[in-house]
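Overview (structure and organization)
One-letter residues, chain by chain:
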Amino acid sequence: MKSSPAPHPIDVHVGARLRLARTARELSQEAVGATIGVTAQQIQKYERGTNRISASVLFRICGFLGRPLAWFFEGLEPTGPASDGGPDAFATLMASGEGAQMALAMARLSPAMRRKVLAVVRAFLHDPPGGDD
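This write-up is about the structure you can find in this document. (Residues numbered from 1 in each chain as written. Predicted model: local features only at pLDDT ≥ 70, side-chain atom pairs only at ≥ 80, totals over all residues. Heavy atoms only, no water.)

So, the pattern of salt bridges
Within this structure, the stated rule accounts for five salt bridges. Between Glu-47 and Arg-19 there is a salt bridge, and its shortest N-O distance comes to 3.9 Å. Remark: Arg-19 occurs in helix 1 (residues 9-24) and Glu-47 occurs in helix 3 (residues 40-48); sequence separation between them is 28 residues. Side by side, Glu-47 and Arg-19 carry an identical accessibility label, which is buried. Here Glu-26 ties to Arg-108 by a salt bridge, and the two come within 2.5 Å at their closest N and O atoms. (Salt bridge = Lys/Arg side-chain N within 4 Å of Asp/Glu carboxyl O. Helix = DSSP H or I, 4+ residues; strand = E, 2+ residues; numbered from the N terminus. Buried < 20%, exposed > 50% of the residue type's maximum accessible area, 1.4 Å probe, protein only.)

Spelled out as structure tokens, the structure:
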């Protein structure tokens with residue numbers, strides 16, 4: 001039995017952006033799927049990057065979610081994901097339930113509070129666990 005190849009990083013990135021836009025509007029996969037003419041399972045596959053989103057479907061998604069087409073590709077280099085791992089790491093995070101929940105929670109914070117939370121996260125990045133114990 002052949003194993004299927006890993007999803008392309010750009011498909012994962014676009015899928016993560018779809019999930020972010022959908023959850024930001026507090027819509028279910030069923031609601032998005034019904035509106036654009038695909039199943040909820042198909043939306044789930046798009047969000048994971050396991051199925052590629054065709055241009056026509058992405059165009060319908062943009063209209064329904066009120067996002068410009070370019071928004072789905074923000075963070076990507078013209079030749080693909082940046083080599084620093086940024087977009088891949090972002091896509092992986094946003095494809096997870098925790099990442100989408102974090103983005104929604106951060107969006108509800110005031111700008112001043114978001115800066116404070118970001119400072120805490122950056123402190124964790126510079127102080128690996130077990131460093132001062």
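Regarding the packing of aromatic side chains
Geometry of an aromatic ring pair is reported as the spacing of the ring centres plus the angle between the planes. Throughout the structure, instances matching the rule amount to one aromatic pair. With a centroid separation of 5.1 Å and 90 degrees between ring planes, the pair formed by Trp-71 and Phe-72 is classed as edge-to-face. Given the relative accessible area of 10%, Trp-71 is considered buried. A relative accessible area of 0% places Phe-72 in the buried class. Lying across the ring of Trp-71, Arg-17 places its NZ or CZ 3.8 Å from the centre. Positioned above the aromatic ring of Phe-64, the side-chain terminus of Arg-25 is 5.7 Å from the ring centre. (Phe/Tyr/Trp six-rings, centres within 6.5 Å; stacked < 30°, edge-to-face > 60°. Lys NZ or Arg CZ within 6 Å of the ring centre and 35° of its normal.)

Spatial relationships are all this shows, so hold off on functional conclusions.
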